[in-house]
Amino acid sequence: MLSSLQNPRQAAAQLLNFALILSTAFMMWKGFSVAANSPSPIVVVLSGSMEPAFQRGDLLFLWNRNFLAETDVGEVVVYNVRDKDIPIVHRVVRKFGTGDKAQLLTKGDNNLADDTELYAKGQDYLERKDIIGSVVGYIPFVGYVTIMLSEHPWLKTAMLGIMGLLVVLQRE
Amino acid sequence: MYNSLTRIQNVFGFFTTVAFVVAAIIAASDFTSPRTPSATIKTTNVQVVKGRPHYYSTKKEEYAIIKFSLDADLSSLFTWNTKQLFVYITAEWPAPPVGDSMNQTNKAVIWDSIITSPSADYLSNLGPATLKKLKRSAEGKSIDPSRGKLSFKNQKPKYQISHPTGKIAETDDVTLHVHYNVQPWVGMLTWNQNFDFGRWKKMGQGISKAFELPAIKKKDAEKSK
């Protein structure tokens, strides 16, 4: 045990390896972000308001560029309500006007009413700049890990502990 | 090198690789199944009434109630990777130009429907009796293309549409458009196209004749006074 600590060269290699894994993941995330022009190009569904299309824990890929067409009615978009930082995944159901100043109204497929109640006070419609991306790709269930981690904080501690232990114990 | 930990790591790594490759193949298989959607839609009755956006509001707005008849064949959209089909009908009409940008349009959904694939029936948000009926309608089938055949006569809209200005009566050049959105089990979300793409044909018709929203209905106007 702790043999790696007696061999500084191996310890350094392990540390570098770990740093490489972390930075690769970070670079991929930022790379996606630049490609999709979205601050968070991959999101995990947190609520059931779009069921049966999306369940909690499903992974969504976003695209925030308008190469061919404007963000339109029928698209499923992720938006942030003004002054709040909770991304919401809902479908655009009304669009008045065209361009950046178009007024958009959204609604969850599984909700009876539209999102007027969810918006900030005095905000009746969304604008294009409130939207951080349209959903283009879908993988079910994969993101459930993150929901588990945020709902049961002890899991985070446990995971970090196990990972740390592995790094120390791992030989070769 | 060959302790149990690295073995677990290898097995898990192999499992995720295989899972992602299989998912990618399933997603790509969408492109191999032909899509030949078509729809005909026409309006049957158009009314404009005055109303309030919600019960406690004092604001009066004009609402258009557009009844329609729809015949659609979207059965080719149901494949083994289809989780649900979201069908929606929009009303579209031109808006006055803003600044130097012409060709402004307004679009609003007047009716929509979620059609689940039999394999996704258990996820739908329905009452127990309706759900049972839905499940029985496709007993033993994992794909049921007949669900893509829609036929409505003089259907009431789900949403009564208004405009931010509160005025919508006597709007000219309104058309109804049928759209769909295919939600896969895994892969890309797809919508109706305006052009042929490989084996996917563009939507056949699916646009109504242009019509005009009438003036506010007299009787309702008097009632609301």
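Residues numbered from 1 in each chain as written. Chains lettered and ligands numbered in written order. Predicted model: local features only at pLDDT ≥ 70, side-chain atom pairs only at ≥ 80, totals over all residues. Heavy atoms only, no water.

Asks: Describe the overall build of chain A, listing the residues and the values that go with them.
Replies: The helix and strand inventory of chain A stands at four helices and six strands. Of the regular secondary structure in chain A, the N- to C-terminal order runs α-α-β-β-β-β-β-β-α-α. Against the compact-globule benchmark of 16 Å for 172 residues, chain A has a radius of gyration of 21 Å, which places it well outside the compact range. Seen through its C-alpha atoms, chain A measures out along the principal axes to roughly 70 × 35 × 30 Å. Among the 172 residues that make up chain A, the fraction classed as buried is 39%. Contacts spanning at least 24 positions in sequence make up 56% of the contacts within chain A whose residues lie at least 6 apart. Looking at chain A, you have 16 positive and 17 negative side-chain charges, and the mean spots of the two groups are 6 Å apart. (Helix = DSSP H or I, 4+ residues; strand = E, 2+ residues; numbered from the N terminus. Rg over C-alpha atoms; globule rule 2.2 N^0.38 Å. Buried < 20%, exposed > 50% of the residue type's maximum accessible area, 1.4 Å probe, protein only. Contact = heavy atoms within 4.5 Å. Lys, Arg positive; Asp, Glu negative; His and termini not counted. Charge placed at Lys NZ, Arg CZ, Asp CG, Glu CD.)

Asks: Before we move on, could you go through the interface of chain A and chain B and cite the residues and values that matter?
Replies: If you look at the interface, chain A gives 32 residues, while chain B gives 38 residues. The junction of chain A with chain B conceals about 2800 Å² of combined surface from both sides, 54% of it contributed by carbon and sulfur atoms. Looking at the side of chain A facing chain B, the largest losses of area belong to A:P52, A:R94 and A:Y138, adding up to 21% of the total buried there. In this structure, B:K107 engages A:D72 in a salt bridge whose closest nitrogen and oxygen atoms are separated by 2.7 Å. Our count for the contact surface shared by chain A and chain B stands at 19 residue pairs in polar contact (both at pLDDT 80 or more). Partitioned by chemical class, the residues of the side of chain A that touches chain B number 14 nonpolar, eight polar and ten charged. Note: strand 6 (residues 131-139) of chain A against strand 7 (residues 187-188) of chain B, two bridges, orientation antiparallel. Residue pairing across strands places A:Y138 opposite B:G187, the latter belonging to strand 7 of chain B. (Buried area = accessible area lost by both parts, 1.4 Å probe. Salt bridge = Lys/Arg side-chain N within 4 Å of Asp/Glu carboxyl O. Polar contact = N/O pair within 3.5 Å; in protein donor to acceptor, adjacent residues only side chain to side chain. Nonpolar A, V, L, I, M, F, W, Y, C, P; charged D, E, K, R; others polar. Pairing = 2+ DSSP bridges.)

Asks: Lay out the pattern of salt bridges with the relevant residues and their values.
Replies: Residues and elements named next belong to chain B. Across all of its chains, the model carries eleven salt bridges over all chains by this definition. Between K158 and D112 there is a salt bridge, with its nearest N and O atoms 2.7 Å apart. Here the residue K158 occupies a position in the loop between strand 5 (149-155) and strand 6 (175-184), and D112 occupies one in strand 4 (residues 104-116), the gap between them amounting to 46 residues. Taking relative accessible area as the criterion, K158 reaches 47% and is therefore assigned partly exposed. Within this structure, D121, K141, D144 and R147 form a network of salt bridges that share partners.

Asks: Would you mind going over the packing of aromatic side chains in detail, with residue names and values included?
Replies: Evaluated as defined, the whole model comprises twelve aromatic pairs over all chains. Judged by centre distance (5.3 Å) and plane angle (15°), the ring pair of A:F141 and A:Y144 falls under stacked. One aromatic cluster in this structure is built from A:F96, A:Y125 and B:W93. The lysine or arginine in question, A:R91, covers the ring of B:F86, its NZ or CZ lying 3.7 Å from the ring centre. Over the ring of B:W200 we find B:R35; its NZ or CZ atom is 3.9 Å from the centre of that ring. (Phe/Tyr/Trp six-rings, centres within 6.5 Å; stacked < 30°, edge-to-face > 60°. Lys NZ or Arg CZ within 6 Å of the ring centre and 35° of its normal.)

Asks: Now, about the UniProt feature "transmembrane region" (unreviewed entry) in chain A: what can you tell me, with residues and values included?
Replies: Residue and element names in this part refer to chain A. In the numbering used here, UniProt assigns the feature "transmembrane region" (unreviewed entry) to residues 12-29 and 131-147. Between the end C-alpha atoms of residues 12-29 the distance is 26 Å, and the span holds 100% helix and 0% strand. Within the segment residues 131-147, helix and strand shares are 24% and 53% respectively, and the terminal C-alpha atoms sit 23 Å apart. (UniProt positions renumbered as here; feature names shortened; annotations may be inferred.)

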